[in-house]
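Summary of the model geometry
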Amino acid sequence: SDVEEGGGTNFPSLGVTVTPKKGSAVLWPSVKDSDPTKQDIRTRHQALAVDKGVKFAANAWIHLYNYKTPNLWGCTGAFG
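Residues numbered from 1 in each chain as written. Predicted model: local features only at pLDDT ≥ 70, side-chain atom pairs only at ≥ 80, totals over all residues. Heavy atoms only, no water.

1. Description of the sheet that holds strand 3 (residues 16-18)
If you trace the three strands from one edge of the open sheet to the other, you get 3-2-4, paired in antiparallel fashion. Since the sheet does not close on itself, it has two edges, and those belong to strand 3 and strand 4 (46-47), each with one partner. (Pairing = 2+ DSSP bridges. Helix = DSSP H or I, 4+ residues; strand = E, 2+ residues; numbered from the N terminus.)

Pasting the structure below:
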């Protein structure tokens, strides 16, 4: 959605902020080409606050491998 002020997606390691624009999308890999099991920390990002207006967004996750079992482990890497 078009936002009057703020609401960008910021990539601090890259020094880039993408401004929200109705009908647009941002797509990035979160892993390295050389080793898809390694996270690319440059793509860590944060949603910036909307200062004026309303932001509507949607997320889609594309998985290269089985994600269901690791998803059960959660952040700790252990079942339970």
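2. Things to note about the side chain of Asp40
Looking at the secondary structure, you find Asp40 in the loop between strand 3 and strand 4. For Asp40, a relative accessible area of 6% translates into the label buried. One polar contact links Asp40 to Arg42, side chain to side chain, over a distance of 2.6 Å. Contact partners of Asp40, with chain neighbours within four places excluded, come to Ser30, Val31 and Lys32. (Buried < 20%, exposed > 50% of the residue type's maximum accessible area, 1.4 Å probe, protein only. Polar contact = N/O pair within 3.5 Å; in protein donor to acceptor, adjacent residues only side chain to side chain. Contact = heavy atoms within 4.5 Å.)

3. Quick word on the environment of Ala58
Position of Ala58 relative to the elements: it lies in the loop between strand 5 (50-52) and helix 1 (68-73). Separated by 43 residues in sequence, Ala58 and Gly15 have C-alpha atoms that sit 23 Å apart.

4. What about the packing of aromatic side chains?
Per the counting criterion, the structure on display carries one aromatic pair. Judged by centre distance (4.9 Å) and plane angle (85°), the ring pair of Phe11 and Trp28 falls under edge-to-face. With Phe11 in strand 2 (residues 9-11) and Trp28 in the loop between strand 3 and strand 4, this pair connects stretches of sequence that are 17 residues apart. Under the relative-accessibility criterion, Phe11 is labelled buried at 5%. (Phe/Tyr/Trp six-rings, centres within 6.5 Å; stacked < 30°, edge-to-face > 60°.)

5. Regarding the pattern of salt bridges
By the definition in use, this model includes two salt bridges. With a closest N to O distance of 3.7 Å, Lys52 and Glu4 form a salt bridge. Of this pair, Lys52 sits in strand 5 while Glu4 sits in the segment before strand 1 (5-6), and the two are 48 residues apart along the sequence. For Asp40, the salt bridge goes to Arg42, with nearest N and O atoms at 2.6 Å. Using a relative accessible area of 48% as the deciding quantity, one classes Arg42 as partly exposed. (Salt bridge = Lys/Arg side-chain N within 4 Å of Asp/Glu carboxyl O.)

The analysis is restricted to geometry; functional conclusions fall outside its scope.
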